[in-house]
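The chain contents come next:
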Amino acid sequence: MTGGRVYVIGAGLSGLAAAVALAQRDIPVTLLEAAAHAGGRCRSYFDPQFDSVIDNGNHVILSGNTAAQDFVKTLGASAHLGGPSDALFPFLDLHTGQRWNFHPNAGAFPWWVMSDHRRVPGTHARDYWPYRKLRVTTTTQVRDTVPVSGPIWEKLLRPILLAALNTEPEISSQALTATVVNDSLGKNGAACRPCIAVPTLSAAFIEPALKFLKARKADVRFGQRVRTLRYEDTRVIGLDMGDQSIALTPGDAVILAVPPWIAGDMVPNLTVPNEFREIANAHFKRVPPKDAAPMTGLIGGAAEWVFAFPDRISVTISAADALSDVPREQLAARIWDDICALYRWDEPLPVWQIVRERRATFAATPEQAARRPGAATIWRNLALAGDWTDTGLPATIESAVRSGNKAAALILQSR
Ligand SMILES: Cc1cc2nc3c(=O)[nH]c(=O)nc-3n(C[C@H](O)[C@H](O)[C@H](O)COP(=O)(O)OP(=O)(O)OC[C@H]3O[C@@H](n4cnc5c(N)ncnc54)[C@H](O)[C@@H]3O)c2cc1C
């Protein structure tokens, strides 16, 4: 294939990463997005009830997420990644009132396990030894690899892995867990500093990407839902959007960067993940205390991670499917109680909003991981992108960006 235009379908982070990688190399790009805005599952919007711009959900990347960090750097948006200046994870156990910090050190040798001030209270350095196996790639579940009870599991590994995998860590894929551990947590403190988009996701990831594409004359179109791909022999020859269609010339290529259930309908015989987990986020219009940590892990409550933004407090609950039937008012009140315990407040519920993303990520189980396709397809000018493609990582920003880069590289190679 020689150089024509590349049509990227879907302006989530994987589609944006692919479009940016291509535009950076002066490849003509058209980005087609069904919604009226970019960002997909990582977006900011004006919420009338909240009366300000909020994120659909709090997103954390780690300093060791190299593809996501490079993406933000390429966009010139690194100043919009805030968070603690060090790999410091404060925790509160709501049952006991005990507070502690998980604080891995920066160098290669993990001496933090020797320090009472850096590890889970009531644990000893030797207790961490069995968890070295979390680095091993196997096709089993995590519970077949390491002990899934006791304070290290309950008060450190479970909350962190639950957030990273968005699936009950016990039944999660050990292989996916190993990539998370090897790239960040198990590496050293320098690789697992949390980076949080400020003031919004859009400011850090989405607006800068659109600006980058605009500056390179990429053709970005919203409200363009591609309904079918037309195939002939070994190529995609057209895109149908209902009332209009685009005929591809022989040099043109397509990157399909849509969610798995849509890709599965558009590409013949494609096996995709088909089990998902919800993420619930609650936002409260209340300024946090001045000395509040950017993010705090809570054990034993409804809230799992509390984020302190300058103008609001936001909470994330991963794999939140079990809470789907809890009425919103009741859930907001329960979460607010947890926040009051964290900040030692006794205050009525402020203005709030709960955003539930029912299919936030694919379930990170071995069975679902086995359903992930690679970026290449049997169609010569079609590549796949999305956090659900086989990047070896759970469904995260890092996975989405890597998948977009990979799809762009495949298309470039075929030229
Ligand atoms: C609440 C929540 C919290 C999260 N927290 C974190 C976190 O803390 N850290 C982290 O790393 N990750 C987190 N994630 C995961 C992260 O958001 C995703 O991995 C990433 O955004 C996925 O990007 P994507 O491009 O693969 O998919 P999507 O964002 O789903 O993008 C697909 C795009 O395709 C568009 N589209 C669909 N169909 C069509 C069509 N037919 N034609 C044209 N366009 C179409 C959609 O509108 C969408 O814009 C979270 C996700 C959620 C929902």
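Rules and cut-offs
- Residues numbered from 1 in each chain as written.
- Predicted model: local features only at pLDDT ≥ 70, side-chain atom pairs only at ≥ 80, totals over all residues.
- Helix = DSSP H or I, 4+ residues; strand = E, 2+ residues; numbered from the N terminus.
- Rg over C-alpha atoms; globule rule 2.2 N^0.38 Å.
- Buried ≥ 20, exposed ≤ 12 C-beta atoms within 10 Å, placed from the backbone.
- Contact = placed C-beta atoms within 7 Å.
- Domains from an automatic or database assignment.
- Nonpolar A, V, L, I, M, F, W, Y, C, P; charged D, E, K, R; others polar.
- Near = placed C-beta within 6 Å.
- Core = buried A, V, L, I, M, F, W, Y, C linked by C-beta atoms within 7 Å.
- Pairing = 2+ DSSP bridges.
- Expected span 1.5 Å × (residues − 1).
- Bend = angle between axes of the 7 residues up to and from the residue.

1. Digging into the overall build of the protein
- For the protein, the count of helices and strands is nine helices and 20 strands.
- Taken over C-alpha atoms, the radius of gyration comes to 22 Å for the protein, in line with the 22 Å a tight globule of 415 residues would show.
- Dimensions of the protein along its principal axes, counting C-alpha atoms only, are 65 × 45 × 40 Å.
- Considering the protein as a whole, with its 415 residues, one finds that 49% of them fall into the buried category.
- Here the contacts in the protein between residues at least 6 apart in sequence split such that 70% fall between residues at least 24 apart.

2. Some thoughts on the environment of Ala-376
- Tracing the chain through its elements places Ala-376 in the loop between α8 (366-369) and β20 (382-384).
- By the C-beta count within 10 Å, which is 15 here, Ala-376 ends up partly exposed.
- Note: C-alpha distance between Ala-376 and Ile-255 (121 residues apart in sequence) is 9.9 Å.

3. Details of the domain arrangement of the protein
- Segmenting the protein into domains produces domain 1 (6-45 + 201-274 + 365-413) and domain 2 (89-192).
- Using only C-alpha atoms to locate each centre, domain 1 and domain 2 end up separated by 34 Å.
- Taken together, the seven residues of domain 1 in the interface contact 14 residues of domain 2.
- Each residue belonging to the side of domain 1 that touches domain 2 can be placed in one class, and the counts come to five nonpolar, two polar and no charged.

4. Some points on the site of the ligand
- Near the ligand lie 38 residues; those nearest to it are Gly-10, Gly-12, Gly-40, Gly-57 and Thr-396.
- Secondary structure elements with two or more residues in the shell around the ligand: α1 (13-24), β5 (60-62), β15 (276-284), β19 (352-362) and α9 (397-413).
- A total of four residues in the shell around the ligand trace back to one element, the largest contributor, which is α9.
- When grouped by side-chain class, the residues that make up the shell around the ligand number 19 nonpolar, 13 polar and six charged.

5. Focus on the nonpolar core
- Judged by nonpolar contacts, the single largest core of 125 residues is most densely connected at Ala-18, Ala-19, Ile-255 and Val-306.
- With sequence-adjacent residues up to four places away left out, Ala-18 is seen in contact with Val-8, Ile-255, Ala-257, Ala-385, Gly-404, Ala-407 and Ala-408.

6. Details of the sheet that holds strand β6 (residues 81-82)
- Strand order in the open sheet formed by three strands is β5-β9-β6, and the pairing between neighbours is antiparallel. Each edge of the sheet is formed by a strand with only one pairing partner; in this case those strands are β5 and β6.
- Across three bridges, β5 lies against strand β9 (residues 194-197) in antiparallel orientation. Each bridged residue has a counterpart across the sheet, and for Val-60 the counterpart in β9 is Ile-196.

7. Comments concerning helix α3 (residues 151-165)
- For α3, spanning 15 residues, the distance from its first C-alpha to its last is 20 Å, which sits close to the expected 21 Å at 1.5 Å a residue.
- Bending of α3 peaks at approximately 45 degrees at the position of Leu-157, with proline Pro-159 no more than four residues after it.
- With 11 of 15 residues buried, α3 lies mostly within the body of the structure.
- Among the residues making up α3, those that are buried are Ile-152, Trp-153, Lys-155, Leu-156, Leu-157, Pro-159, Leu-161, Leu-162, Ala-163, Ala-164 and Leu-165.
- The secondary structure elements touched by the buried residues of α3 are β7 (89-93), β8 (99-102), α4 (174-185), β16 (295-299) and β17 (305-308).

8. Comments concerning the environment of Asn-269
- Of note, Asn-269 is situated in the loop between α6 (260-266) and β15.
- Judged by the 7 C-beta atoms lying within 10 Å of it, Asn-269 falls in the exposed class.
- Distance in space between the C-alpha atoms of Asn-269 and Val-136 is 32 Å, their sequence separation being 133 residues.

9. Side note on the pairing of strand β18 (residues 313-317)
- Counted residue by residue, β18 has five buried out of five residues, so it is predominantly covered.
- Along β18, one buried face is formed by Ile-313, Val-315 and Ile-317 and the opposite face, lined by Ser-314 and Thr-316, is buried too.
- Bridge analysis of β17 against β18 gives four bridges, and the strand direction is antiparallel. Each bridged residue has a counterpart across the sheet, and for Phe-307 the counterpart in β18 is Ser-314.
- Count of turn residues in the β17/β18 antiparallel hairpin: four residues.

10. What about unusual backbone geometry?
- Cis geometry marks the peptide bond from Val-198 to Pro-199; its omega dihedral reads -10 degrees.
- Within the fold, Pro-199 resides in the loop between β9 and α5 (201-215).
- Phi at Ala-319 is positive, roughly 40 degrees, even though this residue is not glycine.
- Here the phi dihedral of Arg-344 falls at roughly 55 degrees; this positive angle occurs in a residue that is not glycine.
- Topologically, Arg-344 is positioned in the loop between α7 (328-343) and β19.
- Of the residues examined, Arg-344 has 7 C-beta atoms within 10 Å and is grouped as exposed.

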